[in-house]
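Secondary and tertiary structure notes
Residues per chain, in single letters:
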Amino acid sequence: MRKPAFLQPRILKQAIVAALTPAYTTKFPAEPFEPQASFRGRPRFNAGGCIACGACAQVCPSKCIDVIDDLVVTPPKRTLVQHFDACIMCGQCERYCPTQEGIRMTTEWDNAGFKPEDFEDRVEKELVMCEVCGGLLAPADQLLWLAERLGPVSFANPTLAMFAGTGLGCVEKGVKSQSESPLRQDRMAMQCPKCRRQSAWAA
Ligand code: SF4
Ligand code: SF4
């Protein structure tokens with residue numbers, strides 16, 4: 001009669017070796033698990049590096065980053081909300097972030113939660129409005145970042161130059177004329193591209 005498999009010397013030897021060898025699997029949850037540094041886990045905003053440009057929301061394939069502009073509060077603000085429960089951890093947001101430090105893929109992988117807020121990450125930034133038409137111009141940090149990157153070239157754009165100057169306290173705000181439509185003398189006001197074009201051609 002044929003012996004049971006576990007009594008065959010080769011199988012028996014393998015069983016004894018396996019019993020005496022440490023486990024290949026991790027000891028989670030008894031011990032914390034550290035993934036490799038290249039592991040793509042939960043993306044997280046970095047408020048210090050984010051300029052609220054919204055590029056990450058535009059390239060996100062699963063559309064899990066919301067850009068919410070609140071123009072009613074003073075000062076107006078933009079909130080970016082990343083919904084991790086819809087994230088596919090592709091890394092496109094990090095890749096196309098112009099500052100390369102506004103959002104980063106972390107190695108966080110253990111992301112259980114009980115309510116929707118447990119899967120949200122958000123960052124809030126101040127918005128700058130056009131002094132002529134009152135429309136949205138850009139996030140303040142984006143203007144500063146642009147002015148810094150362009151250096152002296154930013155003086156070719158009065159809005160950028162003036163905004164950079166407000167931080168130094170050498171620029172007067174609210175220099176717009178009382179006219180409803182842009183005038184030539186409004187060129188030194190902080191303007192959106194449309195008003196700037198109109199004031200350039202105004203009499
Ligand atoms: S700076 Fe980066 S993280 Fe912030 S909104 Fe722009 S692309 Fe997104
Ligand atoms: S990792 Fe991919 S899916 Fe997740 S927020 Fe970034 S771009 Fe969107």
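Anyway, here's the lowdown on the structure attached to this text. On a predicted model such as this, the values are computed, not experimentally measured, just so you know. (Residues numbered from 1 in each chain as written. Chains lettered and ligands numbered in written order. Predicted model: local features only at pLDDT ≥ 70, side-chain atom pairs only at ≥ 80, totals over all residues.)

**Structural notes on the site of ligand 1**
To keep things clear, this is the line we draw: Nearness here has a simple definition: the residue's C-beta atom, placed using the backbone, must lie within 6 Å of the molecule or strand. Polar here means any residue other than Ala, Val, Leu, Ile, Met, Phe, Trp, Tyr, Cys and Pro, which are nonpolar, and Asp, Glu, Lys and Arg, which are charged; Gly is therefore polar.
Lining the immediate environment of ligand 1, one finds 14 residues, of which C50, C53, C56, C97 and G102 sit closest. Its residues assigned to classes, the shell around ligand 1 shows 11 nonpolar, 3 polar and no charged.

**Points about the sheet that holds strand β5 (residues 120–129)**
Inclusion rule: At least two DSSP bridges between two strands are required for those strands to pair. Helical segments are the DSSP runs of H or I of at least four residues, strand segments are the runs of E of at least two, and each set is numbered from the N terminus. Inter-axis angles, ranging from 0 to 180 degrees, are taken between N-to-C directions of lines fitted to C-alpha atoms, where helices are fitted over the stretch in contact. It is the C-beta atoms, placed from the backbone, that decide contacts: two residues are in contact if theirs lie within 7 Å.
In space, the 4 strands of this open sheet follow the order β2-β3-β5-β6, with antiparallel pairing throughout. Among the strands making up the open sheet, the edge pair consists of β2 (65–70) and β6 (136–139). Taking each pair of neighbouring strands and ignoring which way they run, the sheet shows an average axis angle of 30 degrees. Where β2 lies against strand β3 (residues 77–83), 6 bridges are found, and the strand directions are antiparallel. Looking across to β3, one finds that I68 is bridged to T79. Where helix α4 (residues 140–150) meets the sheet, its contacts fall on β5 and β6, and the angle it forms with β5 comes to roughly 75 degrees.

**As for the packing of α4 against helix α5 (residues 158–166)**
Note the following rule: In these notes the angle categories are as follows: under 35 degrees is roughly parallel, over 145 is roughly antiparallel, 65 to 115 is roughly perpendicular, and the rest is oblique.
At their nearest, the axes of α4 and α5 sit 9 Å apart, and the two run at 105 degrees to each other. With respect to their mutual orientation, α4 and α5 come out roughly perpendicular. Across the interface between the two elements, L143, L144, L146, A147 and L150 of α4 pack against L160, F163 and A164 of α5. Partitioned by chemical class, the residues of the contact of α4 with α5 number 8 nonpolar, no polar and no charged.

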